[in-house]
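A structural walkthrough
These are the residues of each chain, in order.
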Amino acid sequence: MILNEPYANYQKGIAAYLDQKDIVLNPDMKLQSIEAVKRSVMNNLGIAYVPQFSVEEELKNGSLLRLETELDGKSYPGVCVFHRNRWVSPQMELAFRILQEQIEVDYSQYKDSAN
């Protein structure tokens, strides 16, 4: 099993799933980025459980294959934090706007105190 964030919620999810199925994949390979994980899998060094958005292009062009599991369709919470007393840059403002549009995050209660 190739991991990049062993304590991420999605990695904990696959670990629990494998434990429940009595599947042991040893040893784990821990890498610094999802890109490194993808390249390792493409070079037949193991398998990985990563967010689908991170491998969309590779799935489309066939360089990676998706394995179906009982975890398909499961979503994991994400966390976005920022210092409420700091200036919000235009890039952060854009990121907040995208989050608000795409996943209905409402940060407006914090916006005034962040500027």
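From a predicted model like this one, the values you see are computed outputs, not experimental measurements.

A separate point is the pattern of salt bridges. Going through the model one piece at a time under the given rule, you end up with 4 salt bridges. A salt bridge links Glu35 to Lys38, with the nearest nitrogen and oxygen atoms 3.3 Å apart. You can see Glu35 and its partner Lys38 sitting in helix α2 (residues 34–42), 3 residues apart, about one turn around the helix. Glu35 sits in the partly exposed class, given a relative accessible area of 35%. For Lys38, a relative accessible area of 9% corresponds to the buried category. Of the charged contacts in the structure, one is a salt bridge between Lys38 and Glu58, with a shortest N-O distance of 3.0 Å. Here Lys38 is found in helix α2, whereas its partner Glu58 is found in helix α3 (residues 56–61), with 20 residues between them in sequence. Given the relative accessible area of 11%, Glu58 is considered buried. Taken together, the shared-partner salt bridges connect Glu35, Lys38, Arg39 and Glu58 into one network.

Let's shift gears to helix α1 (residues 9–20). The end-to-end C-alpha separation of α1 is 16 Å, in line with the 16 Å expected for 12 residues at 1.5 Å each. In the core, the buried residues of α1 are packed alongside β1 (2–3) and α2. After α1 finishes, the residue Asp22 shows a positive phi value of roughly 55 degrees.

What follows covers α2. Buried residues of α2: Ile34, Val37, Lys38 and Ser40, and no others. The buried residues of α2 occupy an angular sector of 165 degrees when projected down its axis, which confines them to one face. Where α2 is buried, its residues contact β1, α1, β2 (29–30) and α3. Directly beyond the C-terminal end of α2, a positive phi value near 60 degrees is found at Asn44.

Relative to the helices and strands, Ser40 resides in helix α2. Not counting the four nearest positions on each side in its chain, Ser40 is found in contact with Ile2, Met29, Leu31, Leu45 and Gly46.

If you look at the biggest cluster of nonpolar residues, it comprises 10 residues: Met1, Leu3, Ala8, Tyr10, Ile14, Tyr17, Leu18, Ile34, Tyr49 and Leu71. Of all the elements, α1 adds the most residues to this core, at 4 residues. With near-sequence residues (within four places) excluded, Leu71 lies in contact with Gly13, Ile14, Tyr17, Tyr49 and Tyr76. Core analysis: the second largest hydrophobic core is formed by 5 residues, Ile2, Val37, Val55 and Leu64 among them.

What counts and how
- Residues numbered from 1 in each chain as written.
- Predicted model: local features only at pLDDT ≥ 70, side-chain atom pairs only at ≥ 80, totals over all residues.
- Heavy atoms only, no water.
- Salt bridge = Lys/Arg side-chain N within 4 Å of Asp/Glu carboxyl O.
- Helix = DSSP H or I, 4+ residues; strand = E, 2+ residues; numbered from the N terminus.
- Buried < 20%, exposed > 50% of the residue type's maximum accessible area, 1.4 Å probe, protein only.
- Expected span 1.5 Å × (residues − 1).
- Contact = heavy atoms within 4.5 Å.
- Arc of directions from axis to C-beta.
- Core = buried A, V, L, I, M, F, W, Y, C linked by side-chain atoms within 4.5 Å.

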